[in-house]
Amino acid sequence: MPLDCSPINTLTMSLTQTTPQPVKLAEPPKLTPSSRRGLRSVIAGGLTGGINICIVFPTEFIKTQLQLDSGKTILTAHHSLLNTNRGLSPLATILQARKVRTYEGSLDVVRKTVKERGVKGMYKGVTVLLSGTVPTYAVRFGTFDHLKGHFAGADGQLSPIGRLGCGLGAGVAEATLVVTWVETLKVRLISDQ
């Protein structure tokens, strides 16, 4: 039978201690109140975002409608350049173009939307925003608590600079992971009606 010289078989380990000092085992990391709250922070953030959107969405809808209302071009035909009362026939007809907006203001958006689609019409596009805002708030709250667990002092409190850094990190995480695509979808959905 040939001798197997693979690294696993030729490796030997010594379990004897060669130094006079006792071996110190690493202590498991201590859980701070912030790190224990991780999942709760994510869930609380998601619920907060959902409730926020349900309350604030009609104003978002109104704002988006007014931003997208660039107006319709209306062409109006005017009489000829020549006076037809003197027996002359018209040579040309003048067209006048003017822009007419769909809405005259915020209350007009509410009035026309409720008249055409009912109160539910004020929530057109809310599902896309909810499906994006819930993860946005969850990422924000979860990231902040995660970073707080790393930068908080022994008492669990953050210094002003630490709070700024955690807030900045949470904002960058939410913008990068969620906000950009949600805003794009929201505007497209509201404008497609």
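Use the structure listed above.
Because the structure is predicted, anything quoted here is derived from the model rather than measured.

What counts and what doesn't
Residue numbering note: each chain is counted from 1, following its sequence as written. Only residues with pLDDT of at least 70 are given local features in this predicted model, and only at 80 or more are side-chain atom pairs given and counted; all residues enter the totals for whole chains, interfaces and linings. Computation of side-chain values: all heavy atoms of the structure, hydrogens and water removed. Every axis in this analysis is a line fitted to C-alpha atoms, fitted for helices over the stretch in contact. Angles between the N-to-C directions lie between 0 and 180 degrees. Only runs of H or I of at least four residues qualify as helices and only runs of E of at least two qualify as strands under DSSP, and these elements are numbered from the N terminus. By definition in this entry, angles of less than 35 degrees are roughly parallel, angles greater than 145 are roughly antiparallel, angles of 65 to 115 are roughly perpendicular, and the rest are oblique. Left-handed describes a crossing whose near helix is turned anticlockwise from the far helix by less than a right angle; the clockwise case is right-handed. We call two residues in contact whenever any of their non-hydrogen atoms come within 4.5 Å of each other. Each residue gets one label: Ala, Val, Leu, Ile, Met, Phe, Trp, Tyr, Cys and Pro are nonpolar, Asp, Glu, Lys and Arg are charged, and the others, such as Gly, are polar. Within this document, salt bridges are pairs made up of a side-chain nitrogen of Lys or Arg and a carboxyl oxygen of Asp or Glu, the two lying within 4 Å of each other. For every residue, the accessible area (1.4 Å probe, protein chains only) is compared with the maximum for its type, and the residue is labelled buried under 20%, exposed over 50%, or partly exposed between those bounds. The span expected for a helix works out to 1.5 Å for each residue beyond the first. Note: the arc covers the axis-to-C-beta directions of the helix.

Caption draft 1: Fine view of the packing of helix α3 (residues 38-68) against helix α5 (residues 126-151). At a minimum axis separation of 7 Å, α3 and α5 run at an interaxial angle of 140°. In this view, α3 runs oblique relative to α5, as classed from their interaxial angle. Crossing geometry of α3 relative to α5 is assigned as right-handed. Judged by residue contacts, Ser41, Val42, Gly45, Gly46, Thr48, Gly49, Gly50, Asn52, Ile53, Cys54, Phe57 and Glu60 of α3 engage Val126, Leu129, Leu130, Thr133, Val134, Tyr137, Ala138, Phe141, Gly142 and Asp145 from α5. Looking at the contact of α3 with α5 residue by residue, the class counts come to eleven nonpolar, nine polar and two charged.

Caption draft 2: Layout of the pattern of salt bridges. Under the definition given, this model contains four salt bridges. For the salt bridge of glutamate 60 with lysine 63, the shortest nitrogen-to-oxygen distance reads 3.4 Å. Of this pair, glutamate 60 and lysine 63 both sit in helix α3, three residues apart, which is roughly one turn of the helix. Classification of lysine 63 by relative accessible area gives partly exposed; the value is 38%.

Caption draft 3: Representation of the side chain of threonine 133 within the structure. Of note, threonine 133 is situated in helix α5. The residues touching threonine 133, leaving out its near neighbours within four places in the chain, are Gly49 and Ile53.

Caption draft 4: Region of interest: helix α4 (residues 106-117). With twelve residues, α4 extends 16 Å from end C-alpha to end C-alpha; this agrees with the ideal 16 Å at 1.5 Å per step. Restricting attention to buried positions, one finds in α4 the residues Asp108, Val109 and Thr113. The buried residues of α4 occupy one face: seen down the axis, they fall within an arc of 120°. Opposite the packed face of α4, turned more than 90 degrees from it, sit the exposed residues Leu107, Arg111 and Lys115. Buried positions along α4 lie against α3. Glycine 118, located one to two residues past α4, shows a positive phi value of around 80°.

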